[in-house]
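Reading the structure
Spelled out, the chains give:
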Amino acid sequence: MPIDPTPFTYAEVGASKGEFPTGYHHFRIRRRIGSGRAVFERAGADIRAYRMQRGTGIFRAASTPVAEVGTRLTVRLGAGPFGITAPCQVVYVLEESDRLGFAYGTLPGHPECGEEVFAVEHDPADGSVYGVVAAFSRPGAWYTRLGGPAVRIIQRYMAGRYIDAVRPDQA
């Protein structure tokens with residue numbers, strides 16, 4: 001069932017499945033988290049249950065217990081009184097033989113505009129399992145525009161923490 005792009009804060013809904021659109025900041029982080037099919041399957045289930053977000057302490061709520069197309073979720077970005085609750089919606093779920101996860105897009109009220117993918121990949125050649133976080137985004141609020149390069153550094157730092165949250169030794 002296709003998603004109605006109306007509530008999203010950007011036009012290119014689902015574009016993270018392919019080549020990222022121009023006019024956005026792009027990043028992709030891929031780190032080895034272990035090996036074997038069992039590690040891959042478990043990490044995939046953990047990602048669908050929002051463990052990447054829970055493991056970093058930013059998860060607030062989701063409309064479904066596991067990510068599904070159309071799931072609405074909120075994360076809390078920032079600290080203390082400077083924190084912001086940021087709404088998102090799942091735009092697709094990855095259920096491929098060697099790739100599991102989901103992507104969500106930003107909704108009104110989120111400080112960024114764009115899409116982020118949370119996934120795990122299995123390399124059948126050597127059994128390696130990789131955590132992957134990739135995104136295209138641009139500022140959606142005055143304070144993220146003002147934050148400029150610092151916001152990008154924070155995004156990359158958080159992507160590394162997301163991947164760490166699904167490492168087998170973190171279970």
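In short, a report on the structure.

Calculation criteria
Residues numbered from 1 in each chain as written. Predicted model: local features only at pLDDT ≥ 70, side-chain atom pairs only at ≥ 80, totals over all residues. Heavy atoms only, no water. Helix = DSSP H or I, 4+ residues; strand = E, 2+ residues; numbered from the N terminus. Buried < 20%, exposed > 50% of the residue type's maximum accessible area, 1.4 Å probe, protein only. Contact = heavy atoms within 4.5 Å. Pairing = 2+ DSSP bridges.

Along the protein chain, the regular secondary structure elements total 3 helices and 7 strands. In the protein chain, which comprises 171 residues, the proportion classed as buried is 49%. Across the protein chain, every contact between residues at least 6 apart in sequence was considered, and the portion connecting residues at least 24 apart equals 57%.

Within the secondary structure, Phe-118 sits in strand 6 (residues 112-122). We classify Phe-118 as buried; its relative accessible area is 0%. Along the sequence, Phe-118 and Tyr-50 sit 68 residues apart, while their C-alpha atoms lie 9.2 Å from each other. With residues up to four places along the chain from it excluded, the contact list for Phe-118 reads Ile-47, Met-52, Gln-53, Leu-100, Gly-101, Phe-102, Tyr-104, Val-132, Val-133 and Tyr-162.

For strand 6, a buried count of 11 out of 11 residues is recorded, marking the element as mostly surrounded by other parts of the structure. Sheet analysis places strand 5 (residues 99-106) next to strand 6, joined by 7 bridges and oriented antiparallel. Directly across from Arg-99, in strand 6, lies its bridge partner Glu-121. With antiparallel pairing between neighbouring strands as the criterion, strand 5 and strand 6 make up a hairpin whose turn holds 5 residues, including Gly-109 at a positive phi of roughly 105 degrees. As paired elements, strand 6 and strand 7 (residues 128-139) share 11 bridges and run antiparallel to each other. When the bridges of strand 7 are listed, Glu-112 appears paired with Pro-139. The hairpin formed by strand 6 and strand 7 contains 5 residues between the paired strands, and Gly-127 there has a positive phi angle of roughly 85 degrees.

Positive phi, normally seen in glycine, also occurs at Tyr-50, with a value near 70 degrees. Tracing the backbone through its elements, the reader meets Tyr-50 in the loop between helix 1 (37-48) and helix 2 (51-56). Overall, the relative accessible area of 0% leaves Tyr-50 in the buried class.

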